[in-house]
Amino acid sequence: MSQSEASRFDYLVIGSGIAGLWFAYKASRHGSVLVITKKEDTESNTNYAQGGIAAAVAENDSAAIHREDTARAGQGLADPEIVRLVTEAGPGLVRELFDLGVKFTVYVDAQGQQRFDLGREGGHHRRRIIHAQDFTGYEIERGLLKAVHSQPGVTISEEHFALDLVLDQDERCQGVRVLNKETGRVETVRAKATMLGTGGIGQAYLHTTNPLIATGDGIAMGERAGVRVANMEFIQFHPTSLYGHSLEGRAFLISEAVRGEGAILRAKDGSTFMERYHPDASLAPRDAVARAIDSEMKKRGDNYVLLDATHLDPERIRERFPNIYNRCLGFGIDITKRPIPVVPAAHYVCGGLAINSWAETSVERLFAAGECACSGLHGANRLASNSLLEALVLADRAAQRVGGLEPLPARSLRDPESGAAVSTAFDPPDESSEAVAAEVRNELRRIMWDYAGIVRNDSGLTKAWESLAELEERAGRFSRHLSVFCQETSNLLAVAQLVVACARRRLESRGLHYNEDYPHKDDRFKKNTEISREEPAAAKPDPTG
Ligand SMILES: Cc1cc2nc3c(=O)[nH]c(=O)nc-3n(C[C@H](O)[C@H](O)[C@H](O)COP(=O)(O)OP(=O)(O)OC[C@H]3O[C@@H](n4cnc5c(N)ncnc54)[C@H](O)[C@@H]3O)c2cc1C
């Protein structure tokens with residue numbers, strides 16, 4: 001494969017979601033920035049976020065109350081210092097976004113003061129969800145891209161796929177190897193700091209709210225480069241995605257805010273069931289609702305349940321949820337007149353590349369923020385609307401940190417031929433390797449859904465582990481092929497193995513990890529599950545180590 005000379009920037013960002021763009025915007029004050037993104041710049045999980053971004057801005061709210069709610073959701077694993085940092089920084093940064101031109105929904109109060117319209121979501125004891133109707137992520141993405149494009153020091157390269165990190169012989173990150181999808185060339189970009197903002201792993205599951213870009217590339221790349229990975233067992237399944245309609249590989253989300261406004265979950269026969277599972281019934285936390293729906297569907301043999309908003313004021317529904325209303329109407333469902341058929345779907349990964357409070361990974365000069373990172377904010381469960389906030393705060397702190405970095409001394413790269421963390425001599429893509437990759441991808445998504453999904457058990461996790469190992473052998477057929485689809489599939493396989501490896505080590509149920517063989521919490525496991533190159537994913541589960 002042809003290769004071009006290395007290009008150099010002060011800062012290199014992989015990903016154009018909220019984490020990557022906010023870092024780029026802020027870091028451009030200290031030097032030149034290149035943002036690499038594998039499709040068009042808007043395509044990201046951020047773009048599809050609906051509910052909003054949590055911040056304690058109401059008069060009856062405070063960072064301390066937000067802190068308590070976040071820690072409670074985290075079930076003993078949320079890092080208190082990170083929770084404090086994020087909840088305290090939230091109101092200021094959300095205000096900065098607004099002042100930058102992100103049009104959050106506002107109203108004017110009786111005293112003539114402009115205020116954010118605040119939504120309420122499960123687990124929050126105050127109204128604190130700042131939103132732009134029900135297309136908050138779209139509006140944030142739009143506003144941030146506009147801000148970033150106006151910075152002369154920032155270059156955005158769309159349709160560039162990051163293949164692997166580049167390390168020097170002192171194990172420092174020097175940049176990344178990138179496939180330019182238009183030219184087919186592999187390029188090396190070097191920078192004094194590299195930021196991974198590559199988002200989540202939803203496409204590792206058969207049903208997901210995440211778009212096709214969510215293939216865990218950053219987590220897989222980081223792990224290959226030796227970064228410690230943590231808490232991958234904590235996968236959040238959103239209880240209510242629209243049943244029966246796929247939008248380019250993702251399920252359409254029916255925001256939790258719809259239940260916040262009073263919509264009720266019902267079985268297909270119209271009966272309610274949530275009161276049998278949780279005192280907060282339809283407003284119970286996401287994990288409880290997802291498990292209850294899973295259990296009802298299995299018990300009844302139904303393939304969906306209903307979310308009923310027909311008793312609510314139709315005007316209010318249309319005004320508050322124009323995106324959901326119109327999208328469902330397009331599928332022939334007027335949600336003010338008919339209950340919405342819904343199923344749970346993989347939504348968010350709480351784990352990822354372990355970072356400290358400055359978003360630094362365990363590899364020098366490599367930063368990570370947003371969904372690909374594990375800062376410790378969420379612990380065992382994520383409070384709704386805390387992820388956009390986490391991405392914003394940690395990306396902001398990373399941008400502060402990189403300002404003081406000296407240029408990297410010239411050092412030989414670890415793999416002089418390719419410069420990558422691992423040797424990456426690629427073969428040209430061919431149709432048969434793509435076909436094998438497609439089979440492997442489909443199978444792994446099914447395996448993860450069946451055995452590492454909402455309710456897990458030991459035998460299922462063992463089966464998943466063994467089946468993924470078999471797929472790994474088949475992946476040898478395409479893992480060196482220079483095709484985005486093949487490389488993404490290899491990355492999906494790697495992150496699926498990380499999820500299962502972490503899940504097999506947690507012999508208890510806590511937060512988003514529910515194992516029916518150990519249905520309760522066990523304080524011997526009240527700690528993060530960490531995996532690193534020195535302690536490979538294949539290591540046997542160790543209950544007490
Ligand atoms: C439907 C939906 C609704 C949600 N609603 C909310 C909500 O209301 N509130 C909330 O707080 N959270 C919500 N979330 C979660 C939240 O949107 C995400 O966690 C957050 O946007 C992640 O931001 P990010 O910057 O980390 O990653 P993303 O926004 O996913 O961006 C990742 C970027 O990395 C790029 N990329 C990935 N791999 C590569 C590669 N190899 N090379 C180059 N580029 C690459 C992608 O193309 C993309 O640009 C929602 C998620 C979904 C899917």
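Thresholds applied
- Residues numbered from 1 in each chain as written.
- Predicted model: local features only at pLDDT ≥ 70, side-chain atom pairs only at ≥ 80, totals over all residues.
- Heavy atoms only, no water.
- Core = buried A, V, L, I, M, F, W, Y, C linked by side-chain atoms within 4.5 Å.
- Buried < 20%, exposed > 50% of the residue type's maximum accessible area, 1.4 Å probe, protein only.
- Helix = DSSP H or I, 4+ residues; strand = E, 2+ residues; numbered from the N terminus.
- Domains from an automatic or database assignment.
- Contact = heavy atoms within 4.5 Å.
- Near = heavy atom within 4 Å.
- Polar contact = N/O pair within 3.5 Å; in protein donor to acceptor, adjacent residues only side chain to side chain.
- Areas by Shrake-Rupley, 256 points an atom, 1.4 Å probe, with all protein chains shown as cover.
- Nonpolar A, V, L, I, M, F, W, Y, C, P; charged D, E, K, R; others polar.
- Buried area = accessible area lost by both parts, 1.4 Å probe.

As for the nonpolar core
Alright, step 1. Ranked by internal contacts, the top residues of the largest apolar core, which has 115 residues, are Phe23, Phe104, Val176, Tyr205, Met232 and Leu444.
Alright, step 2. Per element, the largest residue contribution to this core is 12 residues, and it comes from helix α13 (residues 484–505).
Alright, step 3. When residues of this core are assigned to domains, at least three fall in each of domain 1 (235–347) and domain 2 (431–531).
Alright, step 4. Ala257, Met274, Val289 and Val343 belong to the second largest nonpolar core, which has 33 residues in total.

Comments concerning the side chain of Asp294
Alright, step 1. Turning to its location among the elements, Asp294 is positioned in helix α7 (residues 286–300).
Alright, step 2. With residues up to four places along the chain from it excluded, the contact list for Asp294 reads Ile454 and Val455.

Comments concerning the environment of Gly262
Alright, step 1. Take Gly262: it is sitting in the loop between α6 (256–260) and β15 (264–266).
Alright, step 2. For the pair Gly262 and Leu353, spaced 91 residues apart in the sequence, the C-alpha separation amounts to 37 Å.

Some thoughts on the site of the ligand
Alright, step 1. Around the ligand, 38 residues are found, and the nearest of them are Thr46, Gly51, Gly52, Glu371 and Ser387.
Alright, step 2. Interatomic distance of 3.4 Å between a backbone N/O atom of Gly197 and an oxygen atom of the ligand.
Alright, step 3. Ser385 is positioned such that a nitrogen or oxygen atom in its backbone is 3.4 Å from an oxygen atom of the ligand.
Alright, step 4. Contact with the protein chains removes 99% of the 1,000 Å² of surface that the ligand exposes when unbound.
Alright, step 5. Breaking the shell around the ligand down by element, the ones donating at least two residues are α1 (18–27), β9 (160–167), β17 (340–349) and α10 (386–402).
Alright, step 6. Of the residues assigned to the shell around the ligand, the class counts are 12 nonpolar, 21 polar and five charged.

Concerning the domain arrangement of the protein
Alright, step 1. Each assigned domain of the protein is listed here: domain 1 (235–347) and domain 2 (431–531).
Alright, step 2. When each unit is reduced to the centre of its C-alpha atoms, the spacing between domain 1 and domain 2 is 27 Å.
Alright, step 3. Counting residues at the interface gives 11 residues for domain 1, matched by 11 residues for domain 2.
Alright, step 4. Of the roughly 910 Å² buried between domain 1 and domain 2, counting both surfaces, carbon and sulfur atoms make up 70%.

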